[in-house]
Amino acid sequence: MIHKWPEFAALRVLHGEDYARRRGRVLADQTAVMTYLPAYAGDPDWLWRTLAAIVRGWSEHAALYRQVLAELDRVNVAAEGKKVTGISRIWTRYGMRARIDYGPAILPLCWEVILKFGDLWPQWKVITFLEMIAAVPKAESVEPVLTFMQEVAPIDFIEAATNTLRDLPAADVQPALAARMLAVEAAVRARGSLDPRSAELLRIWSRLRQEAADGPPRP
Amino acid sequence: MGLGSGVQRGQSERGPAAATRPNSTVEACMVEYHLHVDADRDGVVDDDRSHNDRWAWGPGSKGAIILCNNDDEDRSRRCDNEDAQINASPDPDDIAPLVIRRVAGHPPAPGSWRGFLEVSPEDAARVRVFESRSSGAAQVLGAGIGNPAEGGTAAVQSWPLPDLNFTEKELGVEAVMYAQGRFNGEVVIKLRIERGGSGTHEEQVRLRVAPWIAFNHLDPTTRVYVGEAVDNAEFRRDLAAQVAAAGLPPPEVAGPPHGTDRWLQDAMEIGFSSLPRTGPPAARHLPVVLRTANDRSEMGWGLIDRYPRERMLEPGFGWVEAMPPSKSGGSLDSFGNLECSPPFTHSRRGKEYKFGRLVYGEHPGGTARRNMQRDVVNFLDAQQVQEPFALNTGWLEVGHVDEVMSFVPMTNAPKKFKVALASPTEAVTILRRLKAARQGTAPLLRLTPPPPRPDRTPGEATPQDLYDNYYLRTVDDVLGDSSFMDVQTTVQGHIDGVKTKLMDELDLAETDFIPLPVLFMQTENYLFVAYTPGVVNMLVLTKPDKTARLVIPKPFGPEVDGVCQFERHIRTALGPPAETGVDLEFVDDFFTYHVNLGEIHCGTNSKREPPIDRWWWEQQV
C-alpha cells in the first residue's frame, strides 16, 4: 500500500483516545474519504481493509454507533450484577440486537473497539462487542479477533474471545489460526523461551484446532 | 493381557500374557509376581486376576475403581489429590489398593531382577500411585505438581521398585481428574519385570475413575445453602422456618464477601462419587461440589463462585471444576441451568437410569456464549452414568431450566416423581374463569414495596421503581392486554416443546406433568421471563422417607376474598399431602429474587444423601 493519505495511515498504529481523535479527523475530510478509501478497502492487507471498513462504518452508521456506545455508557453495572443474569444480560441484549436489528453494519464498530480499546475499556463492555461479532458471524471478523487475542487483550482476558472464534465460520478461522500458531511458535523458537502470552495463545488456539479436528460437538 | 512372572523349569505359564514374553529361557528358580486389585468391587483386593485388564459396567461385572480424591482431609485448603502424598486419616480410605504379590511358596526373585510400575504419558497426568496406603505415603508414579518450568515437578511414567524382596506390597492409587475430553475415565497401570537378561514380563490392570454424579430431588436433603445479601434477611428467616419444618438443620448462610452474590444455585452443583469399600455403605460416598465455569466476579455478579472451594471443601467434601473459571461463558453456564431427574427406567429404550438423567438448557442458534460451555457439557457427558440431554431454553432471558420445570417427589406417582411445569395456559385459564365469574377487578401482584435502603448505590432502582415494571395488576388488566396475551401463547408453545422433549427423554406420560400457573412477559431482548413469580422455580426439601416439602415462590396471583387463586390452584394440583407425600409452603421472594429475574431455587442450594441401595458401576451405560 502506498500511503497517499497519512492521516488515515496513522490509524494503523494509534491506540485508544489518540486513535479516536485521529479517526475523527479522518472522517472530517470526506473528500479524502471518497478519494482514498476504496484503495485501502481493496488492499490485500486485512488491517488496511479493516480500518477502511471502520471509517466507512462511521461514515454511514455514525448515529447507530453513537447510540450503542451511549447506551453502554449508561449501563448500571452494579444493578445488573444483582440480577440472576449478571452483566450477561447486556451481552445477550446486544447479541440479539446485532443479529436481528443491526446486522453487519455494527461490525466495523466492534472491530474498532476490540482492536483499539480492547485493553482500555471495562472487560464487560469489550465482551459486549465480541458477542455482537459472534452474533453476526463473518469471515472479516476473524483477523480482528485473532489480533485482539494476540496483541491487544491482557493475558487474563485472551480466553474471553474463545467462544467468539467458535461462532465464526470455521473454514475461515482454521487456516488463520494455523498461520498465527506457526508465527507464534516461530517467535518462541527464535526467543528460546515461552513467554506467558504465547503460552496462553498456544493453549487456547491449539484447543480450537483440536476441536475442529474432532468435529462438531454432539447434537 | 499381560502377566508379570518369571517362571520356569519347563512349566507352562498361566494367563494370556505368555504369548507376549520375549523368550522362554529356563530359570533356575520359579518366581511369579502379579498385580491384584479389587476388580469385583467388594472393597477387598481379589486373589483372582482374570479381570485385571477388563472393565465392564453392570451388575456382577468386574473392573477396579479409583476415586478422584478431591476432598481436603488435612484442611490445607487444597484437594488431597493436589499434593504428592497420602494425607491425614481418613485419606487412606479414599485411596484404592493396588497390590503386587509374589505367588505363595515362590522364593524371592534373583538379585538381578528388576521390577517397574509404569503408566502411559497420558495416564501419568491422571493418577497418582503411592508407595503404600498409609497417611504420609509418598507418590512414586503419576501426575506432577504444578508447572515443572516454574519449580513444579514433572509427571513420572515409570517407577523402579526398590526391590522384589517382598511377598506382598500394597500401593495406593488416586485419580487427579474425572473422565473428560479424550480421557474416558480408564487408566492402565503396568507391572514390568526384567528378569536379569532372561526376558521381560508385563501385566497390567485397568482402573476406572469413579464418575461425578449429581444429586436428584429423590435424594434426601441434608443441608440447605443460601447467600447473605444486603436485602434478604426476611427471606432467609422465612426460609429457615421452612427448612426447620422439614426437620433439617438451619441453612448454611454464605456470608460476605461470597453471599452478596445471592445466586447460590448458579455457583455450584452438588453431587458425589463412590468407591467400593468395606464397612457401612454410606462410607463409600464422597460428596463433591462442581463449581460453575463462570468467573462470576469478573462478570459482574460477585464472589459466590469461590464459596465452594473456600468454604465447602473440607474433610469428606470434595470440590471440582469442569474447566478453569472463564470469561467466555454466560448465563447458561449457571447451574440453575442444570438439573437431574430422579431415577427411572426408560421402557421404550429398555434402559435403567439408576441415578436419573442430567437436564440442561441450550439456545439453539444462539452464540457459544449463550450456551453452556463446551468443556462443561463434555465433562457431564463423560461421566456416562446420567446421560445428559438438552432442552431448548434459549427463548428465556435467563435461559435456565429451573425457570420452567422442577422434579417433584411424589410417593403415589407411578415413577415416584412428577414434573412441575410452568404454564401460562393454566394461569390464563384461572384468570378467564375469574372474569367469567365477574371477578375481573380481582387484584394480582398485590404487594407493598419495602422502603428504599439508605445505602443503595446512585442510580439503583428503588423497590417501588421495580414494582412499577409490573403494571398489569388486575385480572382485567392482564386479559385486556392483547400483546401480553400473545406472549402467553408464544411462551406456552415453547414450554410445550420442553414438555415433548422431557416426555421423550425421560419416558414420561401426560399424567406425569403438573402444570402450575405462571404468567410471562417479554423483555427488551426479545426474550421471556416470569411476570408472576415462577412457582416451579422452587426449593425441594426431601425427607428420608421420600416425602417432600416444597418451598415455592409466593405467586401473588389474583386474590378473591383474600385468597390467592394461584396458590389455591397449586395446592389442588399437587394433591393432598396425605396421598402424595408432598407438603408445601409459599415464601415471598418478590423483591429479593423475582425482580432480579430469579426465584427461590436460584437463590438456594442443597446437599443431599447419596443412595445406598444402588451403585453406579451396576448401571449399564
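For clarity, every value in this text was computed on a predicted model and none was experimentally measured.

A. Seen up close, the overall build of chain A. Regarding its fold elements, chain A presents twelve helices and zero strands. Its helices and strands taken in sequence order, chain A reads α-α-α-α-α-α-α-α-α-α-α-α from the N to the C terminus. On C-alpha atoms alone, chain A measures out to a radius of gyration of 18 Å, which is about the 17 Å that the 2.2 N^0.38 rule sets for 219 residues. Its C-alpha atoms give chain A principal-axis dimensions of roughly 50 × 50 × 30 Å. For chain A, with 219 residues in total, the buried portion stands at 56%. For chain A, the share of sequence-separated contacts (at least 6 apart) that also reach a separation of at least 24 residues comes to 72%.

B. Layout of the packing of aromatic side chains. Residues and elements named next belong to chain B. For the coordinates displayed, the defined rule picks out 33 aromatic pairs over all chains. Measuring from centroid to centroid gives 6.4 Å for Tyr467 and Phe590, while their planes differ by 80°, and the two rings are edge-to-face. With Tyr467 in helix H7 (residues 463–468) and Phe590 in the loop between strand E33 (582–587) and helix H12 (600–603), this residue pair connects regions lying 123 residues apart in the sequence. Of the two residues, Tyr467 and Phe590, both sit in the buried class. Between Trp616 and Trp617, the ring centres sit 5.5 Å apart and the planes meet at 80°, which makes this aromatic pair edge-to-face. Across the pair, Trp617 and Trp616 agree in class, each one buried. Against the face of Trp55 rests Arg41, its NZ or CZ located 4.2 Å from the ring centre.

C. Fine view of the interface of chain B and chain A. Facing the 46 residues of chain B at the interface are 38 residues of chain A. Between chain B and chain A the total buried area reaches about 3600 Å² when both faces are included, carbon and sulfur atoms providing 45% of it. Run the count over chain B and chain A and you get nine salt bridges. When the shortest N-O distance is used, the salt bridge between A:Lys82 and B:Glu460 registers 3.5 Å. Seen at the junction of chain B and chain A, the total is 27 residue pairs in polar contact (both at pLDDT 80 or more).

D. Region of the structure containing the sheet that holds strand E24 (residues 405–409) of chain B. All names here are of chain B. Taken together, the three strands give an open sheet; going across it, the order is E24-E25-E26, and neighbouring strands pair in mixed fashion. In this open sheet, the two edge strands, each paired with only one partner strand, are E24 and strand E26 (513–517). Pairwise comparison of adjacent strand axes, ignoring direction, gives a mean angle of 30° for this sheet. Relative to strand E25 (residues 417–423), E24 runs antiparallel, the two being bridged by five bridges.

E. Spotlight on the environment of B:Ala154. All names here are of chain B. Among the structural elements, Ala154 can be located in the loop between strand E8 (139–142) and strand E9 (158–160). Relative accessible area serves as the criterion here: at 47%, Ala154 is assigned to the partly exposed category. Separated by eleven residues in the primary sequence, Ala154 and Asn165 have C-alpha atoms spaced 29 Å apart.

F. Here's a closer look at the nonpolar core. The biggest cluster of nonpolar side chains holds 124 residues, and the ones touching the most others in it are A:Phe8, A:Val68, A:Ile106, A:Phe129, A:Phe148, A:Met149 and A:Trp205. Formed by 84 residues, the second largest nonpolar core is a distinct cluster that contains B:Ala254, B:Val289, B:Phe317 and B:Leu358.

G. Structural detail: the confidence of the model for chain B. Residue and element names in this part refer to chain B. Per-residue confidence for chain B averages 93 on the pLDDT scale, and 95% of its residues sit at or above 70. Under a pLDDT of 50 for its full length, residues 1–28 has, in the predicted model, 77 contacts with residues more than four places off or in other chains. Interface scoring of the predicted complex returns ipTM 0.94; its pTM is 0.94.

H. Main features of helix H6 (residues 88–102) of chain A. Residue and element names in this part refer to chain A. Burial of H6 is extensive: twelve of the 15 residues sit out of reach of the surface. Every buried residue belonging to H6 is among Ser88, Arg89, Ile90, Trp91, Thr92, Arg93, Tyr94, Gly95, Met96, Arg97, Ala98 and Tyr102, and all of these are buried. In this structure, the buried side of H6 is in contact with helix H4 (46–73), helix H5 (77–82) and helix H8 (123–135). Note on H6: the residue one or two positions beyond its end, Gly103, has a positive phi of about 65°.

I. Highlighting the side chain of B:Ser334. Turning to its location among the elements, B:Ser334 is positioned in the loop between strand E18 (318–321) and strand E19 (338–340). Among all residues touching B:Ser334, those that are not within four sequence positions of it are B:Asp266, B:Thr292, B:Asn294, B:Arg296, B:Trp301 and B:His400.

J. How the structure looks around the pattern of salt bridges. All names here are of chain B. Counted under the stated rule, the structure contains 60 salt bridges over all chains. The closest approach of N and O atoms between Arg291 and Asp305, which form a salt bridge, is 2.9 Å. Of this pair, Arg291 sits in strand E17 (residues 285–291) while Asp305 sits in the loop between E17 and helix H4 (307–312); the two residues are 14 residues apart in sequence, bridging distant segments of the chain. A relative accessible area of 6% places Arg291 in the buried class. Relative accessible area serves as the criterion here: at 2%, Asp305 is assigned to the buried category. With a shortest N-O distance of 2.5 Å, Glu559 and Arg446 are connected by a salt bridge. Of the two residues, Glu559 is situated in strand E31 (residues 559–560) and Arg446 in the loop between helix H6 (424–436) and H7; the sequence distance between them amounts to 113 residues. The network of salt bridges with shared partners includes Arg348, Arg349, Lys351, Arg357, Glu387, Asp504, Glu505 and Asp507.

K. Representation of the sheet that holds strand E16 (residues 268–274) of chain B within the structure. Residues and elements named next belong to chain B. The strand order across the open sheet built from four strands is E13-E16-E17-E18, with neighbouring strands paired in mixed fashion. Sheet topology places strand E13 (213–214) and E18 at the edges, where each strand pairs with a single neighbour. Where E13 and E16 come together, two bridges link them in antiparallel fashion. Paired with Ile213 across the strands is Phe272, a residue of E16.

Conventions used here
Residues numbered from 1 in each chain as written. Chains lettered and ligands numbered in written order. Predicted model: local features only at pLDDT ≥ 70, side-chain atom pairs only at ≥ 80, totals over all residues. Heavy atoms only, no water. Helix = DSSP H or I, 4+ residues; strand = E, 2+ residues; numbered from the N terminus. Rg over C-alpha atoms; globule rule 2.2 N^0.38 Å. Buried < 20%, exposed > 50% of the residue type's maximum accessible area, 1.4 Å probe, protein only. Contact = heavy atoms within 4.5 Å. Phe/Tyr/Trp six-rings, centres within 6.5 Å; stacked < 30°, edge-to-face > 60°. Lys NZ or Arg CZ within 6 Å of the ring centre and 35° of its normal. Buried area = accessible area lost by both parts, 1.4 Å probe. Salt bridge = Lys/Arg side-chain N within 4 Å of Asp/Glu carboxyl O. Polar contact = N/O pair within 3.5 Å; in protein donor to acceptor, adjacent residues only side chain to side chain. Pairing = 2+ DSSP bridges. Axes fitted to C-alpha atoms, helices over the stretch in contact; angles between N-to-C directions. Core = buried A, V, L, I, M, F, W, Y, C linked by side-chain atoms within 4.5 Å. pLDDT = per-residue confidence, 0-100.

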